[in-house]
There are 2 protein chains.
Amino acid sequence: MPSDLEYFFEPKGIAVVGASPQANSGGNHLLQNIARGYRGPVYPVNPKHKEIMGLKGYPSVSAIDGPVDLAIVFVPAPQTPEVLRECVSKGLKGAILENAGFAEVGAEGKALQDECTTIARQGALRLWGPNCMGLIDMNKRYVFSFMLPELWDDLYAAGSISLIVQSGLLSAGFIMSVVSRKILGLAKVCSIGNKSDIDEIECLEFLLRDPDTSVIALYLESSAQGRRFQELAKSSIKPIVVLKGGKSDAGARASLSHTASLAGNYPVFRAALKQAGVREADDFFEMVDIARCLEKGFDRRPGGPGRVAVLTYSGASGIVTVDHLQRNGLVLAPLSPETVERLKKKSPPWMPVNNPVDYWPAIEKHGVVGALKEGLSALYADPGVDGIIVHLFAGGGHWVLDPLQIMAGNADHRKPVLLWIVGLKDEAEQMKRRLEGAGWPVFDEIERLVKVMSTLL
Amino acid sequence: MPSDLEYFFEPKGIAVVGASPQANSGGNHLLQNIARGYRGPVYPVNPKHKEIMGLKGYPSVSAIDGPVDLAIVFVPAPQTPEVLRECVSKGLKGAILENAGFAEVGAEGKALQDECTTIARQGALRLWGPNCMGLIDMNKRYVFSFMLPELWDDLYAAGSISLIVQSGLLSAGFIMSVVSRKILGLAKVCSIGNKSDIDEIECLEFLLRDPDTSVIALYLESSAQGRRFQELAKSSIKPIVVLKGGKSDAGARASLSHTASLAGNYPVFRAALKQAGVREADDFFEMVDIARCLEKGFDRRPGGPGRVAVLTYSGASGIVTVDHLQRNGLVLAPLSPETVERLKKKSPPWMPVNNPVDYWPAIEKHGVVGALKEGLSALYADPGVDGIIVHLFAGGGHWVLDPLQIMAGNADHRKPVLLWIVGLKDEAEQMKRRLEGAGWPVFDEIERLVKVMSTLL
């Protein structure tokens with residue numbers, strides 16, 4: 001059964017209601033963004049203009065003279081019911097309400113939103129929003145959103161992570177942050193706002209079937225649909241990351257006044273997520289960090305505490321890493337005799353081989369590439385090692401290197417290898433881009449790296 | 001009593017032993033760096049060159065024909081004892097050994113290091129290092145280090161945070177990261193390496209008396225001098241931040257093999273730090289984040305759990321912030337009736353005033369500057385609020401603003417106000433620079449922000 005969401009992600013014709021020729025307006029951004037990738041017919045609807053951005057303007061949805069599945073609505077909230085009535089009579093399949101002024105502004109707005117939902121339900125029109133940023137399909141370059149058009153000038157290569165974000169304003173901030181920082185490759189983004197009709201469960205079902213999506217990350221507050229969510233997650237072969245809002249008592253109380261949804265019993269929710277194999281994040285960018293590791297294929301689920309090896313050039317960094325490992329329930333992997341033998345060959349005789357592996361003396365003897373490549377390869381081959389943390393330095397002297405030389409040959413069986421880089425800012429950023437592009441996740445902070453490692457293992 | 005360290009920080013003449021005309025060598029970097037700010041006589045010592053970088057070259061320390069207090073040594077390790085004997089007979093006061101190949105490379109190196117220490121002790125010569133990056137005084141622009149000269153081309157305005165960093169290689173990575181990222185304004189940096197003579201306690205004593213230093217941050221592994229450290233910290237009016245390595249059992253074992261120092265009983269150490277009013281960090285950049293807040297004057301120590309108010313435009317961000325507050329032992333401040341009254345005046349009538357304070361409706365009514373300025377000012381005036389977290393958005397639309405307009409007037413009694421910014425990358429970075437420059441700490445992650453707030457309160 002094809003999902004109703006197909007009409008949103010691949011509509012035959014889009015009416016932009018509230019389209020505007022005025023620069024820096026949402027109604028203008030929408031037209032600019034849609035024109036980036038969408039090749040079907042676009043109908044600007046605005047009674048004041050006969051032409052907008054070279055397209056014929058329509059006084060109303062009813063006046064549209066071609067095929068049209070979807071309306072994107074950006075008019076003052078009180079005009080929305082009338083627009084939806086026209087959409088229904090015109091036989092449209094869906095409407096994305098990107099305007100605000102509904103349930104989020106109190107009782108009056110809630111009544112208006114309910115009126116819209118009733119009109120839509122009676123007319124078999126599906127609603128997305130209101131109070132949302134719409135949707136994005138990076139692979140098709142569809143941006144059905146009023147977000148700043150400049151954001152898409154220099155699009156990051158599309159990836160396979162899809163996001164579901166509630167909370168209108170957060171979507172704006174968070175999605176803009178993620179896109180403009182080029183932190184990860186996105187497939188689809190669903191900013192679902194007030195969820196008057198389409199909700200996160202329906203989006204999740206759609207993304208689980210979506211061939212472009214390999215990892216799904218979402219922000220959830222309520223667990224009203226917790227059981228359905230758990231079922232979906234359990235049967236999913238795609239990894240899912242959740243940031244749950246309202247984990248603490250105080251947070252749950254705040255959530256009650258935010259979305260009037262019962263944040264529920266967090267320990268129960270957490271156990272359900274864990275049982276369903278869902279990874280959990282505690283912060284917005286941590287969710288993104290976990291998702292980018294899962295996208296790179298690091299999705300192992302061994303039993304018992306994860307056994308980690310640390311390859312470092314600095315005793316202090318190794319020690320601080322070990323402190324964080326223990327705090328996160330991970331253990332230092334005991335190295336196999338074969339691994340110790342291999343590492344000893346590269347080390348000077350006076351250097352004891354332990355975990356953390358201090359490879360600085362080996363670097364002085366064999367150069368940075370030789371020492372690191374052999375060290376990493378030995379740890380990668382050790383079946384008692386579930387994950388590896390490598391500390392790199394970006395700068396001059398010994399350290400002028402192509403990091404991919406070191407990593408080559410270790411990508412076959414997808415043991416998580418997470419990298420921490422310090423050093424000169426520009427050099428570190430360059431090294432980071434090279435590694436990330438080749439599928440190796442890089443972190444700025446040991447604390448975050450170890451937390452993500454514990455989530456992966 | 002003037003400290004022996006005066007000879008290191010303000011020497012009358014410097015011999016650079018191992019100075020080199022060859023680009024990209026440590027011995028050349030040293031000369032370039034010293035020339036940046038030091039105006040006293042500099043004597044390159046290298047038997048192969050009569051002139052280096054326009055300065056007269058000397059075949060040996062003995063041959064120096066002017067006043068000289070300090071030698072900076074960058075020769076192969078085995079040549080060091082001979083250099084130190086010359087320093088002693090020439091009557092030098094101190095030597096910074098920036099060369100490596102001593103205790104950090106095993107028993108043979110340890111014997112060489114002990115030989116150097118004996119020569120120095122017998123000759124009343126103080127030793128700094130070996131295996132270190134030397135020292136920096138940002139105010140005087142003294143860089144007595146072989147770190148890359150390009151780092152100092154575009155020096156960040158000097159600040160009042162001083163660092164003490166052990167662990168040779170970590171110093172390099174960490175200090176280069178901090179300096180090149182321009183994260184904070186530094187006063188003095190002490191990279192003390194193997195601590196054959198001068199140790200962190202002596203540096204701490206010096207910095208506690210140093211008029212340019214207002215905050216001291218340091219990485220500590222061993223607590224061999226724990227009691228002295230505690231005494232110094234307790235009597236200090238300058239805030240101190242410590243990152244302790246080897247907190248966990250596993251970390252302590254790793255520390256044993258790193259510096260052969262007993263990391264000791266962490267709970268005892270922690271209690272001692274707490275009693276002495278020392279702030280504790282768990283990661284390298286977290287140490288820096290805490291230090292930059294303390295430098296800005298946020299150094300209150302109220303009793304009881306810190307009561308925090310959150311000013312946000314996004315329900316979800318507010319909820320996630322509250323979850324982190326509870327996890328870090330902070331509580332949501334109950335707002336006073338006066339504060340609620342003030343906030344109500346700016347909010348639409350349907351909007352309940354809670355903490356977190358959702359100011360989005362007020363923004364729609366009064367504009368972002370009006371809403372935020374009044375909201376922050378009300379919370380700032382509330383005696384039941386110990387700290388304030390403000391969420392800002394960097395981007396277009398409503399949000400084109402000079403953030404300082406909002407913050408103005410709230411700096412008088414130094415209640416911690418920490419800001420979280422998401423949004424467009426370039427706009428966010430610009431906003432961050434403006435705020436940081438005016439004394440307001442900005443964070444990228446809610447998790448870190450709340451952790452730092454808990455450390456401050």
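Everything numeric in this text was worked out from a predicted model, so none of it was measured.

**Student:** What exactly am I supposed to notice about the domain arrangement of chain A here?
**Tutor:** One frequently used descriptor of interface size is the decrease in accessible area upon assembly of the parts. Residues and elements named next belong to chain A. Partitioning chain A into structural domains gives domain 1 (6-295) and domain 2 (307-456). For domain 1 and domain 2, the distance between their C-alpha centres works out to 40 Å. Contacts between the two partners involve 11 residues from domain 1 and, on the opposite side, 10 residues from domain 2. Counting the surface lost from both domain 1 and domain 2, the interface buries some 910 Å², and carbon and sulfur atoms represent 52% of this. It is Glu286, Arg292 and Cys293 in domain 1 that bury the most area against domain 2; as a group they hold 51% of the surface buried on that side. The tally of links from domain 1 across to domain 2 stands at four salt bridges. With its nearest N and O atoms 3.0 Å apart, the salt bridge here joins Glu286 to Lys451. Taken together, the connections running from domain 1 to domain 2 amount to seven residue pairs in polar contact (both at pLDDT 80 or more).

**Student:** Any chance you could explain empty space enclosed by the protein here in plain terms?
**Tutor:** In this approach the atoms are scanned with a rolling probe the size of a water molecule, which exposes any empty space left behind. Residues and elements named next belong to chain B. This model, assessed by the stated rule, comprises seven cavities of 30 Å³ or more. Roughly 110 Å³ of internal volume is contained in the largest cavity. What lines the largest cavity is a set of 16 residues, and nearest its centre among them are Leu343, Ser347, Val357, Tyr359 and Ala362. Of all the secondary structure elements, the ones that give two or more residues to the lining of the largest cavity are helix H12 (337-346), strand S17 (357-358) and helix H14 (368-381). Of the residues assigned to the lining of the largest cavity, the class counts are nine nonpolar, three polar and four charged.

**Student:** Mind showing me how you'd approach the packing of helix H3 (residues 80-90) of chain B against helix H4 (residues 107-122) of chain B here?
**Tutor:** The relative placement of two packed helices is expressed as an angle between their axes plus a distance between the axes. Residues and elements named next belong to chain B. Between H3 and H4, whose axes approach to 9 Å, the crossing angle comes to 5°. Considering the angle they form, H3 stands roughly parallel to H4. Residues Thr80, Pro81, Leu84, Arg85 and Val88 of H3 form the contact with H4, whose participating residues are Leu112, Glu115, Cys116 and Ile119. The residue inventory of the contact of H3 with H4, partitioned by class, reads six nonpolar, one polar and two charged.

**Student:** Just checking my understanding: could you explain H3(B) for this structure?
**Tutor:** At 3.6 residues per turn, the α-helix brings residues three or four places apart onto the same side. Residue and element names in this part refer to chain B. Looking at H3, one finds that the buried residues are Thr80, Pro81, Val83, Leu84, Glu86 and Cys87. Next to the buried residues of H3 lie strand S1 (14-17), strand S5 (70-73), strand S6 (94-97), H4 and strand S7 (126-128). Phi for Gly91, located one or two positions after H3, is positive at around 80°.

**Student:** Where do I start with the pairing of S6(B) in this structure?
**Tutor:** One face of the sheet, then the other: side chains in a regular strand alternate in exactly this way. Residue and element names in this part refer to chain B. Of the two faces of S6, the one holding Gly94 and Ile96 and the one holding Ala95 and Leu97 are both buried throughout. Of the strand pairs in this sheet, S5 and S6 are connected by four bridges, and their pairing is parallel. Across the sheet, Ala71 pairs through a bridge with Ala95, a residue of S6. Each parallel crossover has a hand, and the one from S5 via H3 to S6 is right-handed. Sheet analysis places S6 next to S7, joined by three bridges and oriented parallel. Each residue of the ladder has a partner; that of Ala95, found in S7, is Leu127. Handedness of the β-α-β unit built from S6, H4 and S7 comes out right-handed.

**Student:** Before we go on, may I ask you to explain helix H4 (residues 107-122) of chain A in this structure?
**Tutor:** Residue and element names in this part refer to chain A. Taking 1.5 Å per residue as the helical rise, H4 with its 16 residues ought to reach 22 Å, and the 23 Å between its terminal C-alpha atoms agrees with that figure. For H4, the full list of buried residues reads Gly109, Leu112, Gln113, Cys116, Thr117, Ile119 and Ala120. Looking straight down H4, one finds its buried side chains confined to an arc of 160°; they lie on one side. The outward face of H4, more than 90 degrees from its buried face, is lined by the exposed residues Ala107, Glu108, Arg121 and Gln122. Residues of H4 that are buried in the fold lie against helix H3 (80-90) and strand S7 (126-128). Phi turns positive, to about 60°, at Ala124, one or two residues after H4.

**Student:** How should I be thinking about the interface of chain B and chain A in this particular structure?
**Tutor:** At the junction of the two partners, chain B supplies 66 residues and chain A supplies 66 residues. Summed over the shared surface of chain B and chain A, the number is eight salt bridges. Of the charged contacts in the structure, one is a salt bridge between Lys451(A) and Glu447(B), with a shortest N-O distance of 3.9 Å. Looking at the side of chain B that touches chain A element by element, the count peaks at 10 residues for helix H11 (residues 315-327) of chain B.

**Student:** I'm lost on the packing of aromatic side chains in this one. Help?
**Tutor:** How two aromatic rings sit relative to each other is given by the distance of their centres and the angle of their planes. Residues and elements named next belong to chain A. Following the criterion strictly, the structure yields 22 aromatic pairs over all chains and no others. For the ring pair Tyr219 and Phe284, a centre distance of 5.8 Å and an interplane angle of 40° mean the geometry is tilted. Taken as a pair, Tyr219 in strand S12 (residues 215-220) and Phe284 in helix H10 (residues 284-295) lie far apart in primary sequence, 65 residues in all. For the pair shown, Tyr219 and Phe284 are each scored as buried.

**Student:** I keep staring at the relation of the copies chain B and chain A and nothing clicks. Help me out?
**Tutor:** Superposition of the two copies of the chain requires a rotation about an axis and a shift along the axis. Superposition record for chain B on chain A: RMSD 0.0 Å, screw rotation 180°, translation along axis 0.0 Å. The relationship between the two copies is best expressed as a two-fold rotation axis. Minimal C-alpha separation from the rotation axis in chain B is found for Arg448(B), amounting to 5.0 Å. Comparing contact sets, 100% of the residues at the interface of chain B also lie at the interface in chain A, consistent with an isologous, same-surface contact.

**Student:** Please clarify how the sheet that holds strand S6 (residues 94-97) of chain A should be interpreted in this entry.
**Tutor:** Across a sheet, strands are paired by hydrogen bonds formed along the backbone, either parallel or antiparallel in direction. Residue and element names in this part refer to chain A. As summarised here, the arrangement of the five strands in space is S2-S1-S5-S6-S7, forming an open sheet in which the pairing is parallel. In the strand order of this sheet, the two ends are held by strand S2 (42-45) and S7, each with one partner. Within this sheet the neighbouring strands show an average axis-to-axis angle of 20°, counted without direction.

**Student:** Sorry if this is basic, but what is going on with unusual backbone geometry here?
**Tutor:** Both trends apply: most residues other than glycine have a negative phi, and most peptide bonds are in trans. The amide bond that connects Asn355(A) to the next residue, Pro356(A), takes the cis arrangement and shows omega of 5°. Following the sequence through the fold, Pro356(A) ends up in the loop between helix H12 (337-346) and strand S17 (357-358). The omega torsion across Gly129(B) and Pro130(B) is 0°, close enough to zero to call that bond cis. With respect to the helices and strands, the residue Pro130(B) is situated in the loop between S7 and strand S8 (134-137). Within the chain, Asn131(B) stands out as a residue other than glycine whose phi angle is a positive 60°. Here Asn131(B) lies in the loop between S7 and S8. On the accessibility criterion, Asn131(B) (16% relative accessible area) is buried. Phi is positive for Lys195(B), close to 55°, though the residue is something other than glycine. By secondary structure assignment, the location of Lys195(B) is in the loop between strand S11 (186-193) and helix H6 (200-209).

Rules used in this analysis
- Position numbers for residues start from 1 in each chain and track the written sequence from start to end.
- Following the order in which they are written, the chains are lettered starting with A and the ligands numbered starting with 1.
- Given that this is a predicted model, residues contribute local features only at a pLDDT of at least 70 and side-chain atom pairs are listed and counted only at 80 or more, while totals for whole chains, interfaces and linings are drawn from all residues.
- To obtain the side-chain values, all non-hydrogen atoms of the structure were included, while hydrogens and water were left out.
- What fixes the domain bounds is an automatic or database domain assignment.
- Note on definitions: a residue-residue contact is assigned when non-hydrogen atoms from the two residues lie within 4.5 Å.
- Simply put, the buried area is the total loss of 1.4 Å probe accessible area from both parts when two parts are fitted together.
- By definition here, a salt bridge exists when the distance from a side-chain nitrogen of Lys or Arg to a carboxyl oxygen of Asp or Glu is within 4 Å.
- Think of a polar contact as two N or O atoms within 3.5 Å of one another; within protein, one of them needs to be a possible hydrogen donor and the other a possible acceptor, and neighboring residues in sequence only count if both atoms come from side chains.
- Both site types are read off a 1 Å grid over the protein atoms alone. A 1.4 Å probe that fits but cannot get out defines a cavity, while an open set with protein on both sides within 12 Å along at least five of seven lines defines a pocket; lining residues have an atom within 4 Å of a point.
- Grid points are joined across faces, edges and corners, and a volume is the space filled by probe spheres set on the points.
- Only DSSP runs of H or I with at least four residues qualify as helices, and only runs of E with at least two residues qualify as strands; both kinds are numbered from the N terminus onward.
- Three categories are distinguished: nonpolar for Ala, Val, Leu, Ile, Met, Phe, Trp, Tyr, Cys and Pro, charged for Asp, Glu, Lys and Arg, and polar for the others, with Gly belonging to the last.
- Fitted lines through C-alpha atoms serve as axes, helices being fitted only where they are in contact, and the angles separating the N-to-C directions of these axes extend from 0 to 180 degrees.
- When an angle is under 35 degrees it counts as roughly parallel; over 145 it counts as roughly antiparallel; between 65 and 115 it counts as roughly perpendicular; any other value is oblique.
- Note on exposure labels: buried denotes an accessible area under 20% of the residue type's maximum, exposed denotes more than 50%, and partly exposed covers the range between, all computed with a 1.4 Å probe on protein chains only.
- Paired strands, in this sense, are two strands between which DSSP finds at least two bridges.
- Handedness of a crossover is defined as follows: with both strands directed away from the viewer, a clockwise route from the first strand across the helix to the second makes it right-handed.
- Expected span of a helix, by definition, is 1.5 Å for each gap between consecutive residues, and there is one gap fewer than residues.
- Think of the arc as the fan of directions from the helix axis to the C-beta atoms.
- The criterion for an aromatic pair is that two Phe, Tyr or Trp rings (for Trp, the six-membered ring) have centres within 6.5 Å, with stacked assigned to planes under 30 degrees apart, edge-to-face to planes over 60 apart and tilted to the rest.
- Residues reaching a pLDDT of at least 70 in both copies supply the C-alpha atoms on which the copies are superposed by least squares.

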